[in-house]
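Each chain is listed here by its residues.
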Amino acid sequence: MVDFPTRRRGIAGWISYSLRLELLLGVISIGTIGLLWEFARPLGIPVFSNLPPLSEIIQTSTQLLVSDQYWDGWALSVQRITAGFLLAQLIGVPIGLFMAMHRASFETAFPIVEILRPIPPVAWIPISILFWPTRELSVIFIVFLGAFWIVLLNTIGGASNVDPNHRRAALSLGSTPRDMFWRIILPATIPSIVTGMAVGIGIAWEMVVAAEMVAGRTGLGYLLWQSFEVNAIAQCIICMISIGFAGFVSSQIVRLFGSYVAPWQRQR
Amino acid sequence: MAPTGWSSERGVILSDVTKAFGDEFDSKLVVRDCSFKAEDGCLTVLIGPSGCGKTTLINLIAGYEQPTSGRITCDGKDVLGPTRDRLVLFQETSLFPWMTVIQNVMYGPIVQGRGESAKTHALDLLAKVGLRDFRDKYPNQLSGGMQRRAELARTLINQPRILLMDEPFRGLDAMTRQLMQEYLLRLFEGSGQTILFVTTEIDEAILLADRLVLLSSTPATVRELIPVDLPRPRDMSVFSTRRYVELKSHVLGILYQEALQSFAAGSRAAADLVQAFEMRHKAGAG
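Residues numbered from 1 in each chain as written. Chains lettered and ligands numbered in written order. Predicted model: local features only at pLDDT ≥ 70, side-chain atom pairs only at ≥ 80, totals over all residues. Heavy atoms only, no water.

**Some words on the overall build of chain B**
- When its secondary structure is counted, chain B shows eight helices and ten strands.
- Here the C-alpha radius of gyration of chain B, 20 Å, is about what a compact globule of 286 residues would show, namely 19 Å.
- Seen through its C-alpha atoms, chain B measures out along the principal axes to roughly 65 × 50 × 40 Å.
- Looking at chain B as a whole, 51% of its 286 residues are labelled buried.
- Considering only residue pairs separated by 6 or more positions, chain B has 68% of its internal contacts joining residues 24 or more positions apart. (Helix = DSSP H or I, 4+ residues; strand = E, 2+ residues; numbered from the N terminus. Rg over C-alpha atoms; globule rule 2.2 N^0.38 Å. Buried < 20%, exposed > 50% of the residue type's maximum accessible area, 1.4 Å probe, protein only. Contact = heavy atoms within 4.5 Å.)

Set out below in structure tokens:
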């Protein structure tokens, strides 16, 4: 592995950096796929031939990205994600903490959890439509479910696995039960909760797309499905990419939040 | 029965303490009829083979567990639960990872309701353990030795009656370990702090101790009580004195037997080793 100098300043340094082998390889691989895609039809490449070529997609995107429909879709999907995800945290974290700290509540609730949890949130869609008065609520409910189980299990796990020596030290030093909760158990559980959030936000995006496709009348997921139904495949693909991008940005936001709320976990 | 002649009720006294874990159908005896005293103002060292029940004894004295039978008193009062009179330095570091060093040290005073007034004391203690410049760091930014010292500060700020140290230098490299031992001596010689120190290292035990309590293999009981009359202040030079060598040889003899027992328990090949040892002894060697 050739070691390119990265600390040289100026143009020479920048060129050295750009020419780093890894970067080069990354550019080459993506570039190759792009080229193959663009020329799939004339070249007769299997899967990519059925898709509109890359140039058409880029062209369609210039139209789509200025349309109201697209950005309204974004706004609505983000709203639903935010509502469902936040609700899942606000309800799931306290329940998880309570269950971890009170054996009786855990024994009572856990069987119910274990029966309901394996049902994929997507399978809940029909019931959700029947149960909630508006489509909006039924979509948010699906998002909520997706994130809820994750945060519940992660919170219970984190709170149950507080190092016994931390508890003992805290007891000996004179902690009241209140101190134990707010100063020991809760901070010790935060890393697990953050993990739950990171996984949960990804699932939330999956759920919102599915729910919108079926139950919603607006949103990126709905737009995706609509594009398919009217055979606007290029638009369809752009929606896919947008949703992927949205998921990525959400994950980064959660990661930032995790870093803020658990500063001791940062790599040093 | 507890031996007679113990000076006063001050300090921690164990009388015929027995501890078994498990239920009536399947119980494991860990401590059996253990009696000794950690004298006020002295550094008492508990030494015994690995797994003999030393940590259980620490947990019993600290109040995290209750004895199955027997009695533990601290300054004449029964030990009923964990209090700040008896604070523990655990084997693995138990600094709270989500708090900075100074927050860790201030934890005791804060939950005891005297947080504000303890700030100066905390800073002094941190200076004493050499961590004043690291007070705003998180534990994961400190080395092993530094974490131990921070924990020491967290404990000492509460001025406990007795400091319980459960193999606190285990896992440190040899050099750091030696430095921590010297450091402990500098810190506590002449301070009057009552300390109960648990270890498996004989050199460490004799270097630090005013009195040694030799424990048997599981279930732990007291094999012998040995006063260590090496002069203070001590340092590494004590290892080459004649008295040290005598003490070590004596302790080694007893501990070797005990270690052999726990090594052999459940292992057939090791049982042969025990047998060979006994035969050699009967033949008049040693």
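**Focus: the overall build of chain A**
- A count of helical and extended segments in chain A gives 13 helices and zero strands.
- The N-to-C order of helical and strand elements in chain A reads α-α-α-α-α-α-α-α-α-α-α-α-α.
- Taken over C-alpha atoms, the radius of gyration comes to 24 Å for chain A, far larger than the 18 Å a tight globule of 268 residues would show.
- Overall, the C-alpha framework of chain A stretches about 75 × 60 × 30 Å when taken along its three principal axes.
- Per-residue burial over chain A gives 41% buried out of 268 residues.
- Looking at chain A as shown, the accessible area adds up to about 15300 Å², and 69% of this sits on carbon and sulfur atoms.
- The averaged location of the 14 negative side-chain charges in chain A is 12 Å from the averaged location of its 17 positive side-chain charges. (Areas by Shrake-Rupley, 256 points an atom, 1.4 Å probe, with all protein chains shown as cover. Lys, Arg positive; Asp, Glu negative; His and termini not counted. Charge placed at Lys NZ, Arg CZ, Asp CG, Glu CD.)

**Describing the pattern of salt bridges**
Residue and element names in this part refer to chain B.
- Tallied over the entire structure, the rule returns 22 salt bridges over all chains.
- The partner of D40 in a salt bridge is R10, with the nearest N and O atoms 3.0 Å apart. In this pair, D40 is assigned in the loop between strand 2 (27–38) and strand 3 (43–47) and R10 in the segment before strand 1 (12–22), connecting sequence segments 30 residues apart.
- The exposure class of D40 is partly exposed, given its relative accessible area of 31%.
- Here R10 falls in the partly exposed class, since its relative accessible area comes to 42%.
- Between E246 and R242 there is a salt bridge, and its shortest N-O distance comes to 3.8 Å. (Salt bridge = Lys/Arg side-chain N within 4 Å of Asp/Glu carboxyl O.)

**Section: the sheet that holds strand 2 of chain B**
Residues and elements named next belong to chain B.
- Pairing is antiparallel in the open sheet, where four strands are placed in the order 2-1-4-5. Two strands in the sheet have a free side with no partner beyond their single neighbour: strand 2 and strand 5 (77–78).
- Contacts between helix 1 (residues 54–62) and the sheet are confined to strand 1, strand 2 and strand 4 (69–74), with strand 1 contributing the most and set at about 115° to the helix. (Pairing = 2+ DSSP bridges. Axes fitted to C-alpha atoms, helices over the stretch in contact; angles between N-to-C directions.)

**As for the domain arrangement of chain B**
Residue and element names in this part refer to chain B.
- In terms of domain boundaries, chain B breaks down into domain 1 (41–64 + 77–85 + 161–285) and domain 2 (95–159).
- Centre-to-centre separation of domain 1 and domain 2, based on C-alpha positions: 28 Å.
- Taken together, the contact pairs 13 residues of domain 1 with 13 residues of domain 2.
- Approximately 1000 Å² of surface area, both sides summed, lies buried where domain 1 meets domain 2, with 69% of it carried by carbon and sulfur atoms. (Domains from an automatic or database assignment. Buried area = accessible area lost by both parts, 1.4 Å probe.)

**Here's the deal with the packing of aromatic side chains**
- This model, assessed by the stated rule, comprises 16 aromatic pairs over all chains.
- On the basis of an interplanar angle of 15° and a centroid distance of 4.8 Å, the ring pair of A:F106 and A:F110 is categorised as stacked. Separated by four residues within a single helix, A:F106 and A:F110 lie in helix 7 (residues 103–116), roughly one turn from each other.
- The class of A:F106 is buried, set by a relative accessible area of 17%.
- Overall, the relative accessible area of 29% leaves A:F110 in the partly exposed class.
- Ring centres 5.1 Å apart and planes at 65° place the aromatic pair B:F96 and B:Y107 in the edge-to-face group. With B:F96 in the loop between strand 6 (86–89) and helix 2 (101–111) and B:Y107 in helix 2, the pair connects residues that are eleven residues apart, well separated along the chain.
- For B:Y107, a relative accessible area of 2% corresponds to the buried category.
- Counting every residue linked through ring pairs, the aromatic cluster contains A:W124, A:F131, A:W132, A:F141, A:F144, A:F148 and A:W149.
- The ring of B:F96 carries B:R154 above its face, with NZ or CZ at 4.5 Å from the centroid. (Phe/Tyr/Trp six-rings, centres within 6.5 Å; stacked < 30°, edge-to-face > 60°. Lys NZ or Arg CZ within 6 Å of the ring centre and 35° of its normal.)

**Let's talk about the environment of A:A210**
All names here are of chain A.
- Structurally, the position occupied by A210 is in helix 11 (residues 177–214).
- In this structure A210 comes out as buried when scored by relative accessible area, which is 17%.
- Along the chain, A210 and E229 lie 19 residues apart, while their C-alpha atoms are 15 Å from each other.
- For A210, the residues in contact, after removing those within four places along its chain, are V122 and I125.

**Considerations on a nonpolar patch on the surface**
- Taken together, the side chains of A:L86, A:L87, A:L90, A:I91 and A:I95 define a hydrophobic patch exposed on the protein surface, amounting to about 430 Å² of accessible area.
- Of note, A:I91 is situated in helix 6 (residues 68–101). (Patch = residues over 30% accessible without salt bridge, like charges linked within 9 Å, V, L, I, M, F, W, Y side chains within 5 Å.)

**What about the sheet that holds strand 9 (residues 211–215) of chain B?**
Residues and elements named next belong to chain B.
- Pairing in this open sheet of six strands is mixed, and the strands run 6-7-8-3-9-10 from one edge to the other. Each edge of the open sheet is held by one strand with a lone partner, namely strand 6 and strand 10 (222–227). Along the sheet, successive strands turn relative to each other by an average axial angle of 20°, direction set aside.
- Here five bridges tie strand 7 (residues 162–166) to strand 8 (residues 194–199), and the two strands are oriented parallel to one another. Within strand 8, the residue paired with I162 across the bridge is T194.

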